[in-house]
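Listed below are the residues making up each chain.
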Amino acid sequence: MNSSSTHFVTSRRMGIYEPLHQISTWGESFKTNGCPNTSASTIAELEAKLDNQSEDTSHGTPGPSDKYDQEATKPVDKVQRRLAQNREAARKSRLRKKAYVQELESSRVKLMQLEQELERARQQGLYIGGGLDAGHLGFSGAVNSAHTKNSAGIAAFEMEYGHWVEEQSSQICELRTALHAHISDVELRILVETAMNHYFNLFRMKANAAKADVFYMMSGMWKTSAERFFLWIGGFRPSELLKIQLVFLDFVFLTEGEGRLGVVLVPQLDPLTDQQILDVCNLRQSCQQAEDALTQGMEKLQQILAEAVAAGQLGEGSYIPQLATALEKLEAVVSFVNQADHLRQETLQQMVRILTVRQAARGLLALGEYFQRLRALSSLWATRPREPA
Amino acid sequence: MHQALPYRTWVPTTGGGSSAGPSSATIEPSDGPMNPGVGMKDVTCVTKMVSENAVIVFGRRGCCMCHVVMRLLLGLGVNPTVFEVDEEDEAAVVDELSRVIAGEDAKEGRPQFPAVFMGGQLFGGLERVMATHISGELVPILKKAGALWL
């Protein structure tokens, strides 16, 4: 077809999403016949749109643009140049994207290899890493088998925890979607059970890791900085958990004096019944009491440990026997981490028992998002703009 | 109980208590209440203590978990009796307690420390105490055992 007007009419009927080769034939005849000025901008628009479309579908073919680069006839000079630049930019963008994807894929392969290595090493107990406690009194040489097993246990925990957080994020999304979509109670219950089991899995993971390195657990090393600020025996305070839930569900606690709580009721979609309010208050009190008992036990342990470390003459320079005694006492720290997690688990379960399915779903969503926010806060803090030194 | 009275710690003494079991053959003259470790221990008093006390906690000496249980019970207004077990007596005490428990549904046989007895029966360890407290069931049980009045 040689008539530009014929081509032009045909193009108009084509619509936006014609394949690229149509442009080339169209453009060529267009050039040879000269350009009716009125249609220049429209054509340019169409071209631009088609260009974008081609970018999205990642056409790698540079064919048409070559033809344009070579032929620069006067009346459409600027238009042609702009189109050529567009095409160049698009191609470069495609190439960059390709390079990035390739990088990602090779990183992924590397990661999988590392994970496999780790698993192998963990089983053999030969992982050399951490080096947190190396060199003290020769207790842990660099390749001490027990030391490396502990490091491997912690490394495995950190990896598992990474997966746990990812899974948590997707569960939170699902909960949010489900609650907005008003799905049935039966389906909501499944989501609630899943979320609960996910927490229980975490407690199981922590129990195993505590056997490897309880000080790591007590310091909350796997958590982000803001989360660590609120640390209580290797995790969040169960009583805080309830406060989060209640602020979200119904209450704002005003004062707490002499065991009485002042409350303000904020109307919600499905507010708590009087019985529920009573039950939640009781739960909060029981939780606080249990928490206090554990805290006091922990303080006693610290006192005992300090006394064991300080036993005998300080300043003489020999202290192996004292440390041997102290080492025995440290076993108790593992019990504390386990008991604290047990309390968290029981509190969560009782909370869910008191609430309806929908309330529980909202409560778990609130809890999950709260921790997401804390983690985000940690990131923001770490990357906050600072004055140059 | 509106005031928290200090808990009573009971340390086994040789030939102590009024029970004269076959193992209390050695009687040390003028031994004070804090004189453990001499001769055979009379641990049959253990059975007596379980039946005489509304709430009694058996724990190893210096055990912090035992301390946690005590603090929790104290916080609820209970006066638990605490029986601190020395390392050398541990086996004997566990044996005795197992005998006490036998007859009820034997859970894994031997009790673990800290072991809480209520109303003459084994209640459980720290975990059970925590769990029942969170679920709201502990206080009624304590009242039923006579450890709490309201």
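Under the annotation held in an unreviewed UniProt entry, chain B carries the name Glutaredoxin domain-containing protein and is attributed to Vitis vinifera. The annotation that UniProt attaches to chain B under Sequence similarities (unreviewed entry) is "Belongs to the glutaredoxin family. CC-type subfamily." UniProt annotates chain B under Subcellular location (unreviewed entry) with the comment "Cytoplasm".

Within an unreviewed UniProt entry, the label attached to chain A reads Transcription factor TGA1, and the organism entered is Vitis vinifera. As stated in UniProt under Sequence similarities (unreviewed entry), the record for chain A gives "Belongs to the bZIP family." In its Subcellular location (unreviewed entry) section, UniProt records this for chain A: "Nucleus".

S.K.: Quick rundown of helix α4 (residues 126–134) of chain B? Include the residues and the values.
M.R.: Counting buried positions over the 9 residues of α4 of chain B gives 7, a clear majority of the element. By the burial criterion, the buried members of α4 of chain B are Leu126, Val129, Met130, Ala131, Thr132, His133 and Ile134 of chain B. Buried residues in α4 of chain B make contact with α11 (274–310) and α12 (320–354) of chain A together with α2 (64–75), β4 (115–118), β5 (121–124) and α5 (138–144) of chain B. Backbone geometry just after α4 of chain B places glycine 136 of chain B at a positive phi near 85 degrees.

S.K.: Before we move on, could you go through the packing of aromatic side chains and cite the residues and values that matter?
M.R.: Residue and element names in this part refer to chain A. Summed over the entire model, instances satisfying the criterion amount to 12 aromatic pairs over all chains. With 6.5 Å between their ring centres and 90 degrees between their planes, phenylalanine 157 and tyrosine 216 make a pair best called edge-to-face. Residue phenylalanine 157 is located in helix α6 (residues 145–181), and its partner tyrosine 216 is located in helix α8 (residues 214–218); the two are separated by 59 residues in the primary sequence. Tyrosine 216 gets classed as buried once you look at its relative accessible area, which sits at 7%. Each member of the aromatic cluster is reached from another via a ring pair, and the members are Phe157, Tyr161, Trp164, Tyr199, Tyr216 and Trp222. In this structure, arginine 384 packs its charged tip against the face of tryptophan 381, placed 3.5 Å from the ring centre.

S.K.: Break down the packing of helix α7 (residues 185–212) of chain A against α12 of chain A for me, with residues and values.
M.R.: Residues and elements named next belong to chain A. Between α7 and α12, whose axes approach to 10 Å, the crossing angle comes to 175 degrees. The orientation of α7 with respect to α12, classified from their angle, is roughly antiparallel. Along its contact with α7, which presents Val192, Met196, Tyr199, Phe200, Phe203, Lys206, Ala207 and Ala210, the element α12 presents Val334, Val337, Asn338, Asp341, Arg344, Gln345, Leu348, Gln349 and Val352. Looking at the contact of α7 with α12 residue by residue, the class counts come to 11 nonpolar, 3 polar and 3 charged.

S.K.: Hey, could you go over unusual backbone geometry for me, with residue numbers and the actual values?
M.R.: Of note, the amide linkage connecting phenylalanine 113 of chain B to proline 114 of chain B takes the cis form, showing an omega dihedral of 0 degrees. Of note in this structure, histidine 182 of chain A is not a glycine but carries a positive phi near 55 degrees. Among the secondary structure elements, histidine 182 of chain A is positioned in the loop between α6 and α7. A relative accessible area of 62% means that histidine 182 of chain A is categorised as exposed. Here isoleucine 233 of chain A, not a glycine, exhibits a phi torsion of approximately 40 degrees, which is positive. Summarising the element assignment, isoleucine 233 of chain A is placed in the loop between α9 (225–229) and α10 (238–249).

Rules of the game
- Residues numbered from 1 in each chain as written.
- Chains lettered and ligands numbered in written order.
- Predicted model: local features only at pLDDT ≥ 70, side-chain atom pairs only at ≥ 80, totals over all residues.
- Heavy atoms only, no water.
- UniProt positions renumbered as here; feature names shortened; annotations may be inferred.
- Buried < 20%, exposed > 50% of the residue type's maximum accessible area, 1.4 Å probe, protein only.
- Helix = DSSP H or I, 4+ residues; strand = E, 2+ residues; numbered from the N terminus.
- Contact = heavy atoms within 4.5 Å.
- Phe/Tyr/Trp six-rings, centres within 6.5 Å; stacked < 30°, edge-to-face > 60°.
- Lys NZ or Arg CZ within 6 Å of the ring centre and 35° of its normal.
- Axes fitted to C-alpha atoms, helices over the stretch in contact; angles between N-to-C directions.
- Parallel < 35°, antiparallel > 145°, perpendicular 65-115°, else oblique.
- Nonpolar A, V, L, I, M, F, W, Y, C, P; charged D, E, K, R; others polar.

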